[in-house]
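Listed here are the chains, written in short residue letters.
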Amino acid sequence: MESFKALQLHKSDSGPDVRWVDLTKDDLMEGDVVVRVSHSTINYKDGLAITGKAPVVRKWPMIPGIDFCGTVVESGSPEYAEGDEVILNGWGVGETHFGGYAQYARVSSDWLVPKPSGFSAAQTMAIGTAGYTAMLCVLALEKNAVSPADGPVLVTGASGGVGSVAVSLLAKLGYQVIASTGRQEEAPFLKSLGAAEIVDRAEFSGSPKPLSKERWAGAIDVAGSGTLANIISQLQYGGTVAACGLAQGMDLPTSVAPFILRGVTLAGVDSVMVPRERRIVAWNRLETDLDRDKLAELTQTFPLSEVVELAPKILAGQVRGRVVLEID
Ligand code: NDP
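So, here is what we can say about the structure in this document. (Residues numbered from 1 in each chain as written. Predicted model: local features only at pLDDT ≥ 70, side-chain atom pairs only at ≥ 80, totals over all residues. Heavy atoms only, no water.)

A look at the sheet that holds strand β9 (residues 177–181)
This is how the line gets drawn: Two strands are counted as paired when DSSP detects at least two bridges linking them. Think of it this way: any DSSP run of H or I at least four residues long counts as a helix, any run of E at least two long counts as a strand, and we number them from the N terminus. In this analysis, axes come from line fits to C-alpha atoms, helices being fitted only over the stretch in contact, and the angle between any two N-to-C directions falls in the range 0 to 180 degrees. In this analysis, two residues are considered to be in contact whenever any of their non-hydrogen atoms come within 4.5 Å of each other.
If you trace the six strands from one edge of the open sheet to the other, you get β10-β9-β8-β11-β12-β13, paired in parallel fashion. Edge positions in the sheet fall to β10 (197–200) and β13 (265–268), since each has one partner strand and no second. Adjacent strand axes in the sheet meet at a mean angle of 20° when their direction is disregarded. Examined bridge by bridge, β9 and β10 share four bridges and lie parallel to one another. Bridge pairing links Ile178 to Glu197 in β10. Sheet contacts for helix α3 (residues 161–172): β8 (153–155), β9 and β11 (216–221); angle to β8, the most-contacted strand, approximately 155°.

Written as structure tokens, this is what we have:
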């Protein structure tokens with residue numbers, strides 16, 4: 001039987017033991033569809049998995065990679081036929097089920113979404129979980145009636161994956177986007193994506209007051225911790241923050257004051273277990289609302305072989321925008 005290459009993480013006492021291995025399809029996990037993977041990507045969570053900085057991997061050994069795009073080569077599902085192009089984001093893939101850092105993946109057909117025809121395979125991975133989460137955050141702001149006329153919208157971690165796609169999407173939709181970053185050298189990049197103004201993320205690192213000056217009609221936050229607490233205290237009356245990340249930390253040192261005195265909303269955003277129908281809504285909106293030139297501008301492409309070196313860099317905030325990994 002034909003063998004193929006995969007990156008595999010093996011459990012060890014000093015963090016994951018990272019190995020390139022040759023596997024056959026018989027080595028893959030259960031599922032009714034086999035996909036020949038063409039592209040994947042690296043998200044913050046993949047960085048955590050490869051470095052072992054957080055317990056993302058919960059079954060060993062594991063092929064990491066929470067996203068992939070590719071072509072169906074075997075299907076036991078009436079939904080998919082050989083030759084169909086599909087994408088996968090989340091569902092525990094790369095955590096408890098073999099993921100995208102391999103030439104083949106076998107998964108449940110329920111986890112797949114047909115590749116949107118308006119994107120190439122590489123573009124879907126330029127978006128990846130980070131970009132699709134940015135869209136889920138935009139949908140959360142819209143659901144809570146944050147409109148461009150209401151005032152500025154803040155995006156934290158703006159030079160990172162979720163942040164850079166969020167800046168591009170919000171700017172295209174007509175919002176006045178204020179980009180928060182720790183990398184002032186990325187200001188020209190963020191302006192080119194559509195940010196109206198750049199603020200230093202240090203502005204959000206102080207001890208949060210129960211209520212601060214009202215600044216934001218809405219916000220998309222990837223940092224959590226004190227940053228999110230400061231944003232909540234700065235939301236305008238009736239404002240909403242879509243919270244999806246923990247790049248600063250898991251804690252949230254806030255108070256009820258902004259909720260009961262300003263009626264603000266903290267909208268939690270998860271991308272991993274979102275039902276399929278909502279994923280399709282998000283991908284359809286990405287097709288219409290994401291500027292392809294800006295997507296190209298925020299994307300870098302590497303061969304899969306470089307993913308191990310990229311992992312600590314993404315955790316250190318040294319990766320700009322999004323990364324496409326070419327599997328072959
Ligand atoms: P990236 O590493 O690409 O971007 C994170 C950015 O956060 C960095 O580039 C940096 O941006 C900023 N940052 C880093 N450290 C800090 C800090 N201490 N305080 C404030 N900002 C900081 O990661 P992603 O964009 O892929 O993911 C961002 C977060 O969102 C992660 O925590 C990730 O786990 C989470 N996430 C959650 C999802 C969900 O389903 N809920 C899905 C996808 C991601 P800058 O240099 O511009 O300040």
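Resuming the write-up.
What to know about the layout of surface pockets
We count it as follows: Here a cavity denotes grid points, spaced 1 Å and computed from the protein atoms alone, that fit a 1.4 Å probe unable to get out, and a pocket denotes an open set having protein on both sides within 12 Å along at least 5 of 7 lines; residues with an atom within 4 Å of a point are the lining. Grid points are joined across faces, edges and corners, and a volume is the space filled by probe spheres set on the points. Gly falls in the polar group here, along with every residue not listed as nonpolar (Ala, Val, Leu, Ile, Met, Phe, Trp, Tyr, Cys, Pro) or charged (Asp, Glu, Lys, Arg).
Roughly 1300 Å³ of volume is contained in the largest pocket. Around the largest pocket, the lining comprises 50 residues; the ones closest to its centre are Tyr44, Val222, Gly245, Leu246 and Ala247. When contributions to the lining of the largest pocket are tallied by element, the ones reaching two or more residues are α1 (44–51), α2 (121–143), α3, β9, α5 (225–234) and α9 (307–315). Of the residues belonging to the lining of the largest pocket, the class tally is 22 nonpolar, 22 polar and six charged. In this structure, the second largest pocket occupies an estimated 180 Å³ of space. Lining the second largest pocket, in full, are Leu136, Ala140, Lys143, Asn144, Ala267, Gly268, Val269, Asp270, Val274 and Arg278. Elements with a minimum of two residues in the lining of the second largest pocket: α2 and β13. In terms of residue count, α2 provides more of the lining of the second largest pocket than any other element does, three residues in total.

As for the environment of Lys172
Selection rule: Exposure is judged per residue with a 1.4 Å probe applied to protein chains only, and the accessible area is read against the type maximum: over 50% gives exposed, under 20% gives buried, and values in between give partly exposed.
Counting through the fold element by element, Lys172 comes out in helix α3. Judged by relative accessible area, which is 44%, Lys172 ranks as partly exposed. When the C-alpha positions of Lys172 and Arg36 are compared, they lie 34 Å apart, and in sequence the two are 136 residues distant.

With respect to the site of the ligand
This is how it is decided: Throughout, the term near means that a residue has one or more heavy atoms lying within 4 Å of the molecule or strand in question. For accessible areas, the Shrake-Rupley method is used with a probe of radius 1.4 Å. Any residue's cover is judged against the shown protein chains and nothing else. Cavity and pocket membership follows a simple rule, namely that a molecule belongs there if more than half of its atoms are within 2 Å of the grid points.
Val162, Thr181, Gly182, Arg183 and Ser271 are the nearest of the 25 residues found near the ligand. Notes on the ligand: free accessible area 920 Å², of which the protein chains cover 88%. In this structure, the ligand is accommodated by the largest pocket. Ranked by residue count, the leading element in the shell around the ligand is α2, at three residues.

Side note on the packing of aromatic side chains
To be explicit about the condition: Classification of ring pairs uses Phe, Tyr and Trp, with its six-membered ring standing for Trp, and accepts pairs whose centres are within 6.5 Å; under 30 degrees between planes counts as stacked, over 60 as edge-to-face, and the remaining range as tilted.
Per the stated rule, a full pass over the model turns up four aromatic pairs. Measuring from centroid to centroid gives 6.2 Å for Tyr132 and Trp283, while their planes differ by 15°, and the two rings are stacked. Of this pair, Tyr132 sits in helix α2 while Trp283 sits in helix α7 (residues 276–289), and the two are 151 residues apart along the sequence. Judged by its relative accessible area of 1%, Trp283 falls in the buried class. Both rings, one in Phe204 and one in Trp216, keep their centres 6.3 Å apart while their planes meet at 50°; by these two values the pair is tilted.

Some words on the pairing of β11
A large share of β11 lies buried, amounting to six of its six residues. The pairing of β8 with β11 spans three bridges and is classified as parallel. If you follow Val153 over to β11, its bridge partner there is Gly218. Bridge count for β11 against strand β12 (residues 235–243) is five bridges, and the pairing is parallel.

Points about α9
To be explicit about the condition: Along the arc lie the directions from the helix axis toward the C-beta atoms.
Where α9 is concerned, the buried positions are Val307, Leu310, Ala311 and Ile314. Around the axis of α9, the buried residues are gathered within 115° of arc, so they sit on the same side. Where α9 is buried, its residues touch β1 (4–10), β2 (17–23), α1, β14 (299–303) and β15 (322–326). Backbone geometry just downstream of α9 places Gly317 in the positive-phi region, at approximately 70°.

Quick look at the nonpolar core
Considering soluble globular proteins, one finds that nonpolar side chains tend to be buried as a cluster. The condition that has to hold: Throughout this description, the term nonpolar core refers to a set of buried Ala, Val, Leu, Ile, Met, Phe, Trp, Tyr and Cys residues connected via side-chain atoms within 4.5 Å. Here the limits of each domain have been adopted from an automatic or database domain assignment.
Residues Leu170, Ile220 and Leu286 are the most contacted members of the largest nonpolar core, which totals 51 residues. Taken together, the elements giving at least two residues each to this core come down to α2, β8, α3, β9, α4 (187–193), β11 and α7. Counting only domains with at least three residues in this core, you end up with domain 1 (4–115 + 298–326) and domain 2 (129–268). Residues in contact with Leu286, not counting those within four places in the same chain, are Phe119, Ile127, Gly131, Tyr132, Met135, Leu169 and Arg292. Core analysis: the next-biggest nonpolar cluster, separate from the first, contains 45 residues, Val35, Val307, Leu310 and Ile327 among them.

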